[in-house]
Amino acid sequence: MDSILVINAGSSSVKFQVFAVEGEGRLRRLIKGQMDGIGSRPRLRASGADGDPMADRAYPIEAIPDVPAAMEVAGEWLRNEARVTPLAVGHRVVHGGPDYERPVLIDHGVVAKLERFISLAPLHQPHNLAPIRSILTNFPTLPQVACFDTAFHRTHGPLADHYAIPYQLHAEGVRRYGFHGLSYEYISKTLPQIAPEIAKKRVIVAHLGSGASMCAMKGGSSVESTMGFTALDGLPMGTRPGQLDPGVVLYLMSEKGMSAAKVQDFLYRDCGLKGLSGVSNDMRELDASTDPRARLAVDYFVYRIGLAAGMLAAALQGLDAFVFTAGIGENSVNIRARVTEQLAWLGVALDAVENERHSRLISRQNSLIPVYVVPTDEELMIAQHTLALLMNGHSPSHRHERVS
Ligand code: AMP
């Protein structure tokens with residue numbers, strides 16, 4: 001069976017999904033898996049499309065010290081046990097820099113270019129590139145496609161793309177890129193099926209997961225986003241602070257003696273809901289907690305979403321719909337209810353019953369702005385891009401042998 005393998009590699013986990021290619025380029029999810037605990041407690045888990053377990057194995061730490069080793073083991077499992085021989089591999093790559101506004105077929109030249117963006121996303125980009133390099137070495141004829149989290153936002157105009165810093169830095173790449181682009185692209189492609197007229201208009205999409213951002217879309221294209229140069233800006237997240245006066249960073253360095261590396265670690269791992277609550281980075285735990293600091297963290301999260309909605313509505317010069325997506329947006333009845341309260345001044349009226357039911361449309365009929373819940377699917381987006389590039393640029397008929 002023809003299939004596409006999708007890989008999303010992070011610092012401590014490699015997530016993968018396999019999609020069967022069916023008639024007319026339709027894709028059907030076959031396998032979902034991940035190798036996590038890389039460098040600590042490596043474990044391979046995989047399940048079929050209906051959730052039936054296919055693998056659950058622990059490995060000694062020295063067997064899987066890094067992402068390439070994880071890729072090797074997961075690849076062997078896919079080939080030898082799951083019997084997957086993909087036509088192509090699609091990768092999530094966080095940073096496409098200023099140049100890539102769409103997915104690209106990977107070759108050594110592309111890898112060299114993407115390596116230049118490591119300094120723009122030092123915690124993500126090297127891990128995204130590791131499996132690409134190992135596949136290029138071991139299976140040089142297997143087509144690989146890089147799909148970027150920044151690409152969807154390359155439609156931003158100069159006002160949304162610049163910081164008020166000397167122009168030369170912009171030319172060097174210090175820009176407001178925006179992230180979660182694969183998720184927004186999926187929503188942009190799905191909304192016309194749900195609400196065709198509204199999809200052509202002004203829509204704010206709130207991607208609320210462990211990473212969180214919001215995107216203003218006009219006619220399905222991104223015009224503004226809460227994230228900027230890195231995935232630190234904008235909304236508070238599980239462990240990242242969101243918008244922060246750069247003076248705080250200067251204070252940490254000059255008064256607390258923190259090095260750049262320490263500050264980086266602090267901003268990515270110790271702030272956000274976790275830092276503010278002192279309880280957890282997981283919204284489920286905060287929602288259930290009676291701790292006053294947990295309440296403060298949830299209140300802050302909701303308040304900042306409300307502020308960002310005002311900013312994005314200004315960028316759009318009005319608003320025609322609001323969409324919730326990702327882990328919190330798709331699942332938390334409470335956060336959706338509280339965010340929509342913040343949007344009441346814009347004319348949003350929630351239907352509490354439909355919200356409880358996790359319906360697609362959760363606003364009342366008389367709400368001036370309809371509010372939708374649309375589950376995102378970044379992996380399907382990557383698989384679709386990969387197949388499209390494969391059909392346009394490569395013959396899917398030949399199989400790819402390992403180089404020994
Ligand atoms: P994601 O990054 O999109 O996978 O989202 C992960 C986050 O979604 C988790 O960290 C949880 O905080 C949140 N989440 C998942 N389910 C729920 C729920 N039922 N209520 C509140 N938050 C949830």
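Residues numbered from 1 in each chain as written. Predicted model: local features only at pLDDT ≥ 70, side-chain atom pairs only at ≥ 80, totals over all residues. Heavy atoms only, no water.

### Quick word on the overall build of the chain
Phase 1: Helix and strand content of the chain: 16 helices and 13 strands.
Phase 2: Taking 2.2 N^0.38 as the reference for a compact globule, 404 residues should give roughly 22 Å; the C-alpha atoms of the chain span a radius of gyration of 21 Å, in line with that estimate.
Phase 3: Going through the 404 residues of the chain one by one, you find that 53% of them count as buried.
Phase 4: Within the chain, contacts between residues separated by at least 24 positions form 62% of all contacts whose residues are at least 6 apart in sequence.
Phase 5: A total accessible area of about 18,400 Å² is found for the chain, and carbon and sulfur atoms account for 53% of it.
Phase 6: Seen as two clouds, the 40 positive and the 42 negative side-chain charges of the chain have centres 1 Å apart. (Helix = DSSP H or I, 4+ residues; strand = E, 2+ residues; numbered from the N terminus. Rg over C-alpha atoms; globule rule 2.2 N^0.38 Å. Buried < 20%, exposed > 50% of the residue type's maximum accessible area, 1.4 Å probe, protein only. Contact = heavy atoms within 4.5 Å. Areas by Shrake-Rupley, 256 points an atom, 1.4 Å probe, with all protein chains shown as cover. Lys, Arg positive; Asp, Glu negative; His and termini not counted. Charge placed at Lys NZ, Arg CZ, Asp CG, Glu CD.)

### Things to note about the environment of Met54
Phase 1: Inspection of the secondary structure puts Met54 in strand S5 (residues 53-58).
Phase 2: Taking relative accessible area as the criterion, Met54 reaches 37% and is therefore assigned partly exposed.
Phase 3: With 19 residues separating them in the primary sequence, Met54 and Met35 have C-alpha atoms 13 Å apart.

### A short note on the sheet that holds strand S12 (residues 321-325)
Phase 1: As summarised here, the arrangement of the five strands in space is S11-S10-S9-S12-S13, forming an open sheet in which the pairing is mixed. Bordering the open sheet on either side are strand S11 (221-225) and strand S13 (371-373), each of which pairs with just one other strand. Averaged over neighbouring strand pairs, the angle between their axes works out to 25 degrees when direction is ignored.
Phase 2: Strand direction decides the pairing type here: strand S9 (residues 202-208) and S12, joined by five bridges, are parallel. Pairing of Ile204 across the sheet is with Phe322, part of S12.
Phase 3: Where helix H12 (residues 292-316) meets the sheet, its contacts fall on S9, strand S10 (212-218), S11 and S12, and the angle it forms with S10 comes to roughly 20 degrees. (Pairing = 2+ DSSP bridges. Axes fitted to C-alpha atoms, helices over the stretch in contact; angles between N-to-C directions.)

### Regarding the layout of surface pockets
Phase 1: The computed volume of the second largest pocket comes to approximately 700 Å³.
Phase 2: Residue lining of the second largest pocket: 22 residues in total, with Phe229, Thr230, Leu232, Val249 and Leu267 positioned closest to the centre.
Phase 3: Counting only elements with at least two residues in the lining of the second largest pocket, the list comes to helix H8 (246-254) and helix H9 (260-269).
Phase 4: Among the elements that make up the lining of the second largest pocket, the one with the highest residue count is H9 (five residues). (1 Å grid on protein atoms, 1.4 Å probe; cavity = no way out; pocket = protein on both sides within 12 Å on 5 of 7 lines; lining within 4 Å. Points joined across faces, edges and corners; volume = space filled by probe spheres on them.)

### Topic: the nonpolar core
Phase 1: Ranked by internal contacts, the top residues of the largest apolar core, which has 57 residues, are Leu114, Ile204, Leu208, Met214, Phe301, Phe322 and Ile335.
Phase 2: With eleven residues, H12 is the single largest residue contributor to this core.
Phase 3: With 32 residues, the next largest nonpolar core counts Leu87, Ala195, Cys215 and Val374 among its residues. (Core = buried A, V, L, I, M, F, W, Y, C linked by side-chain atoms within 4.5 Å.)

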